[in-house]
Amino acid sequence: MKRSLPIKILSLLMLISIQYGQAQQTRTEKDLLGEKQIPADAYYGVQTARALENFQVSGIKTSFYPDYVRGYAMVKLAAARANSEDGRLSKEKLALIEKACLAIIDGKYHEHFLVDMYQGGAGTSANMNANEVIANIALEMGGYAKGRYDIIEPHDDLNMGQSTNDVYPTAIKVGLLLHNDKLIAELEKLSKSFHAKGEEFKDILKMGRTEGQDAVPMTLGQEFHAFGNQLDAEIKSLKSMEAYLYEQNMGATAIGTGITASPGYAEHCAKHLAQITGKPMYLSADLIAATSSQQGFVMYSSALKSTAVTLSKISSDLIFLASGPRTGIFEINLPALQPGSSIMPGKVNPVMPELMNLVTFKVMGNDMTVTLAAHSGLLQLNAYEPVEAIAIMESQGLLFKTLPLFRTQCIDGITANEDVTKRYIERSVGIVTALNPVLGYEKTTELAKEALESGKGILELIREKKLLTEDQIKKLLDPATLTGQK
């Protein structure tokens, strides 16, 4: 008994200490549903806390996409400047909000954007997370304690004249625009690599193929330039389609009627948003239509899908051209990056084109997600914008991270197997088409038939029958002449 009393007292003291410490480390915030204890050092507030309880879904937080976080800061900064210009927000509050937003744009405080990307409520939780975090950063920068909402309030000051229904889609658009620049830059580097290989391989003659069958001669350089030119077309499309993201609905508030926004706010906000983002963003002519419509997301997603289709086609072509090495096409070598089998010695797989295909398949699927979400909205609002944001941002992010790997670890290291391409040219029946102007269609048809039946090459038969001299054959096989480059 004498030994148990101190233990009980100690346990009680520890419990009191823990409870006291907890009480000291929280602050009380309240919303429509009542009071809630928030960690004292947290930049988020009560509505973020509820979202953290309600939406533990994917583990992918808003902060996973830095440009999306910057998008929120840019939108809130534009709104604050517009409200100050309209006389609703004091210069003192604007100064603190500006400092907070600029810090976030600069890459700071992103870890406090905590809401899961999957959320109900059409993005309300993400918007309130931004309002609360920016408010508390501003308070701290002004020398005030977090939670001093009598100084700067998340709703009244950060959400002044706004709604989730105009902030959320606009922040998504800004985030996509910022990341599109980076994605295009990577695509341009990849295209440049393909064109560089096109120049390197410009004198290597090979057989072109249609439907997997021998067609007519071309150069390996032409093939790789074509890959680059296909990417150039996709870059042009991405630049064109981003224009659909310029239209925004800030000032629409709940459904597009502008309730709670001051006169002129929408126009002022659009002006500031264009200045802050460096993009020609503009206010929609019909804010009710803009709040309901998802056209911008659908169109931009379609450009990502088209890019993915092209990248996948190129990747599959590279896999086919490198197949073998002994029993496949084997016209090119892909860099050997790792052993290809746990059971087959000596096997090396085309892992980078395969990786690119994996990513492009996901992008194509994400576009279908955007399509389904966009047409499923009801009347004046689409509650499924969160999954559109998830799908498009994931597509952008996956492509952006995979493209440099594909370029540096695959394309830049590709080499040609000239002996193989030469052998195919000499044995292929496809070269007979080039002989039509010289020998005539009837004669070339006979040669093609005999070559197929005997297994001999066209040039072999021409030499046997002495239909052309060696000098004529040499001129015939000149890559520039044979492939239309003269």
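In this text the structure is predicted, and so the values were computed from the model without any measurement.

Trainee: Please give an account of the overall build of the protein that cites residues and values.
Mentor: Along the protein, the regular secondary structure elements total 19 helices and eight strands. A compact globule built from 486 residues would reach a C-alpha radius of gyration of about 23 Å, whereas the protein, at 32 Å, exceeds it by more than 25%. Along the longest, intermediate and shortest principal axes, the C-alpha atoms of the protein span 105 × 75 × 35 Å. A buried classification covers 48% of the 486 residues belonging to the protein. Within the protein, counting contacts between residues at least 6 apart in sequence, those at least 24 apart form 73% of the total. Surface summary for the protein: the accessible area is close to 23,200 Å², and the carbon and sulfur share equals 57%. Across the protein, the 49 positively charged side chains and the 55 negatively charged ones have centroids separated by 5 Å.

Trainee: How would you sum up the pattern of salt bridges? Please name residues and give values.
Mentor: As enumerated under the stated definition, the model contains 28 salt bridges in all. Here D67 makes a salt bridge to R70, at a shortest N to O gap of 3.1 Å. Remark: R70 and D67 occur in helix α3 (residues 66–85); sequence separation between them is three residues, near one turn of the helix. With a shortest N-O distance of 3.7 Å, K189 and E186 are connected by a salt bridge. Of this pair, K189 and E186 both sit in helix α7 (residues 164–200), three residues apart, which is roughly one turn of the helix. Accessibility expressed as a relative area gives 10% for E186, which makes it buried. Taken together, the shared-partner salt bridges in this structure form one network comprising K206, R209, E223 and E331.

Trainee: Tell me what's going on with the pairing of strand β3 (residues 205–210), and back it up with residues and numbers.
Mentor: The sheet contact formed by β3 and strand β4 (residues 213–219) spans five bridges and is antiparallel. The residue of β4 that forms the bridge with M207 is P217. Connecting β3 to the antiparallel partner β4 that follows it, the hairpin turn spans two residues, and E211 within it adopts a positive phi of roughly 55°.

Trainee: Tell me about the packing of α7 against helix α11 (residues 295–321), residues and numbers included.
Mentor: Contact geometry of α7 with α11 gives a least axis separation of 12 Å together with a crossing angle of 25°. As far as their axial angle goes, α11 and α7 are roughly parallel. As for how α7 packs across α11, the hand of that crossing is left-handed. Facing α7, whose interface residues are P169, I172, K173, L176, N180, L183, L187, L190 and F194, α11 presents F297, Y300, L304, T307, L311, I314 and L318.

Trainee: Account for the side chain of E234, with residues named and values stated.
Mentor: Its location among the elements puts E234 in helix α8 (residues 220–241). Notably, E234 is buried but unbridged: the nearest opposite-charge side chain belongs to K305, and the N-O separation is 10 Å.

Trainee: Hey, could you go over unusual backbone geometry for me, with residue numbers and the actual values?
Mentor: In this chain, G324 is followed by P325 through a cis amide linkage whose omega measures 5°. Relative to the helices and strands, P325 is located in the loop between α11 and β7 (332–333). For Y109, which is not a glycine, the phi torsion comes out positive at approximately 70°. Checked against the element boundaries, Y109 lands in the loop between α4 (91–105) and α5 (124–141). Phi angles above zero are rare outside glycine, and E211 is one such case at about 55°. The residue E211 is located in the loop between β3 and β4 in this model. Overall, E211 belongs to the exposed group, its relative accessible area being 80%.

Trainee: Kindly report on α3, identifying the contributing residues and their values.
Mentor: Taking 1.5 Å per residue, 20 residues should reach 28 Å; α3 reaches 29 Å between its end C-alpha atoms and fits that length. Counted residue by residue, α3 has 16 buried out of 20 residues, so it is predominantly covered.

Trainee: For the side chain of R407, give the residues involved together with the corresponding values.
Mentor: With respect to the helices and strands, the residue R407 is situated in helix α13 (residues 385–409). Overall, the relative accessible area of 14% leaves R407 in the buried class.

Trainee: Outline the packing of helix α12 (residues 351–375) against α13, supporting the account with residue identities and numerical values.
Mentor: The packing of two helices is summarised by the inter-axis angle and the distance between the axes. Contact geometry of α12 with α13 gives a least axis separation of 9 Å together with a crossing angle of 165°. Considering the angle they form, α12 stands roughly antiparallel to α13. Our pair here, α12 against α13, has a crossing hand that is left-handed. Its residues assigned to classes, the contact of α12 with α13 comprises 17 nonpolar, five polar and three charged.

Trainee: Pulling in residues and values, what's your account of the pairing of strand β1 (residues 26–31)?
Mentor: Note: β1 against strand β2 (residues 34–39), six bridges, orientation antiparallel. Bridge pairing links K30 to E35 in β2.

Trainee: Describe the environment of D367, and please don't skip the residues or the numbers.
Mentor: Looking at where D367 falls in the secondary structure, it is placed in helix α12. On a C-alpha basis, the gap between D367 and F297 in space is 9.6 Å, while along the polypeptide they are 70 residues apart. Look past the residues within four positions of D367 in its chain and what remains in contact with it is V298, S301, S302 and K305.

Trainee: Go over the environment of G484, please, and point to the residues and values.
Mentor: By the secondary structure assignment, G484 is in the segment after α19 (479–482). Considering only alpha carbons, one finds G484 and Q162, 322 residues apart in sequence, at a separation of 61 Å.

Trainee: Any details on helix α17 (residues 458–465)? Residues and values, ideally.
Mentor: When we look at burial in α17, the residues that qualify are I458, L459, L461 and I462. For α17, the angular spread of buried residues about the axis comes to 160°, placing them on one side.

Conventions used here
For every chain, the first residue of the written sequence is number 1, and numbering continues from 1 along that sequence. Local features in this predicted model are restricted to residues of pLDDT 70 or higher, and side-chain atom pairs are both shown and tallied only at a pLDDT of 80 or more, whereas totals for entire chains, interfaces and linings draw on every residue. Excluding hydrogens and water, the side-chain values take into account all heavy atoms of the structure. Under the DSSP-based scheme used, a helix requires at least four consecutive residues in state H or I and a strand at least two consecutive residues in state E, with every element numbered from the N terminus. The quantity called the radius of gyration is restricted to C-alpha atoms. Its globule counterpart is 2.2 Å times the number of residues to the power 0.38. Exposure categories follow from relative accessible area, calculated using a 1.4 Å probe and restricted to protein chains: below 20% of the type maximum is buried, above 50% is exposed, and the middle band is partly exposed. Here a residue-residue contact requires only that any non-hydrogen atoms of the pair lie within 4.5 Å. The method behind every accessible area is Shrake-Rupley, applied with a 1.4 Å probe, and residues are considered shielded solely by the protein chains displayed. A residue counts as positive if it is Lys or Arg and as negative if it is Asp or Glu; His and the chain ends are not included. To locate a charge, take NZ of a lysine, CZ of an arginine, CG of an aspartate or CD of a glutamate. In what follows, salt bridge is the name for a side-chain nitrogen of Lys or Arg lying within 4 Å of a carboxyl oxygen of Asp or Glu. In short, DSSP must find at least two bridges between two strands for them to pair. In this description, a line fitted to the C-alpha atoms serves as the axis of each element, helices being fitted only across the stretch in contact, and the angle between N-to-C directions of two axes falls anywhere from 0 to 180 degrees. Here the word oblique covers every angle except those under 35 degrees (roughly parallel), over 145 (roughly antiparallel) and from 65 to 115 (roughly perpendicular). Should the near helix be turned counterclockwise from the far one by less than a right angle, the crossing is left-handed, whereas a clockwise turn marks it as right-handed. Any helix carries an expected span of 1.5 Å times its number of residues minus one. Gly is placed with the polar residues, together with every amino acid not listed as nonpolar (Ala, Val, Leu, Ile, Met, Phe, Trp, Tyr, Cys and Pro) or charged (Asp, Glu, Lys and Arg). It is the directions from the helix axis to the C-beta atoms that the arc portrays.

Just distances and angles here, no functional claims.
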